[in-house]
Amino acid sequence: MMQDLGGRAALGGADHPARRTIGLDGAWERWHNGRLWDLVTVPCSLAPSGVYRLRKKVTLPAMDAGTRVFLCFEGIAYFGTVSVNGRRLGAMGAYVPHQFDATAALQGGDNQIEVEICDLTPGPDGAGAADVAIGVNPGWEAYGGIIRDTYLELRPAAFIEDVAFQFELSDDFARAACTAQVSLSSAASGAGELTVTLLFGNAVAAQATSPVEVETGHSAKGLA
């Protein structure tokens, strides 16, 4: 478990607030050349049509202080740029998941999420040419759009991004030397305690605890 300076659980533990999701699948507006073209259902598999924008309005409640909101896409075809309320968050390539910290761009009340999709030709500035070339080629039936689930994920101010676990077995396989590299993301710096527990069924096989200084942004901590 990781605790903030006030002792309240920020990561792990029974009182850690679970991540919550707000689904964004369903009807999205499709805009061509500044005009509303039609509605499409996300996830979708659209016939490639060039460069267009997919928009969705979502109404959010007021967020608790410290709540961070990430905009997550499981996959698009083939290249896209993401904006929230007119603020550009970044770009996406073909097929792979992407997530964007949209905390500063979102607000309680009405919000507009927009994805500019390039699925037949690159953008006017040439952006996405390599990604479009993946799908638009002979021998492959190309398709475009937001092809997999998309959602908002609400997370606490500090959370575990990823854990890399490694082990080395003894020659007789009776023991193992284990290490864990824990990637953290935090909106503010502070002191905490990080505990990694290895379970065998319901039994604790190994455990390591270390005090940590958490920096603002991304950091990595190792335990053995």
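Now for a description of the structure that goes with this document. (Residues numbered from 1 in each chain as written. Predicted model: local features only at pLDDT ≥ 70, side-chain atom pairs only at ≥ 80, totals over all residues. Heavy atoms only, no water.)

### Points about the sheet that holds strand E19 (residues 217-223)
So, step 1. Taking strand neighbours across the sheet as the criterion, the 3 strands line up as E15-E16-E19 in an open arrangement whose pairing is antiparallel. What marks the edges here is a single partner per strand, and that holds for strand E15 (158-169) and E19. On average, each strand axis in the sheet is tilted by 15 degrees relative to the strand beside it, whichever way the strands run.
So, step 2. Summarising the sheet, E15 and strand E16 (residues 176-186) pair through 11 bridges and their orientation is antiparallel. Bridging from a neighbouring strand, Ala158 pairs with Ser186 of E16. (Pairing = 2+ DSSP bridges. Helix = DSSP H or I, 4+ residues; strand = E, 2+ residues; numbered from the N terminus. Axes fitted to C-alpha atoms, helices over the stretch in contact; angles between N-to-C directions.)

### What about the sheet that holds strand E7 (residues 68-73)?
So, step 1. The antiparallel open sheet is built from 4 strands, whose spatial order is E3-E14-E7-E11. Lying at the two open borders of the sheet, with one neighbouring strand each, are strand E3 (20-23) and strand E11 (98-101). Taking the axes of each pair of neighbouring strands and ignoring which way they run, one obtains an average angle of 25 degrees across the sheet.
So, step 2. Both E7 and E11 contribute to a ladder of 4 bridges, which runs antiparallel.

### Describing the environment of Val84
So, step 1. Structurally, the position occupied by Val84 is in strand E9 (residues 79-84).
So, step 2. Considered as a pair, Val84 and Ala102 are 18 residues apart in the sequence and their alpha carbons are 7.4 Å apart.
So, step 3. Look past the residues within four positions of Val84 in its chain and what remains in contact with it is Leu71, Leu89, Ala105, Leu106, Gln112 and Ile113. (Contact = heavy atoms within 4.5 Å.)

### Describing the packing of aromatic side chains
So, step 1. Under the definition given, this model contains 5 aromatic pairs.
So, step 2. Aromatic side chains Phe70 and Phe159 sit 5.5 Å apart centroid to centroid with 90 degrees between the ring planes, which places their arrangement in the edge-to-face category. With Phe70 in strand E7 and Phe159 in strand E15, the pair connects residues that are 89 residues apart, well separated along the chain.
So, step 3. With a centroid separation of 6.5 Å and an interplanar angle of 75 degrees, the aromatic rings of Phe73 and Phe100 are classed as edge-to-face. (Phe/Tyr/Trp six-rings, centres within 6.5 Å; stacked < 30°, edge-to-face > 60°.)

By themselves, these observations are geometric and do not establish any function.
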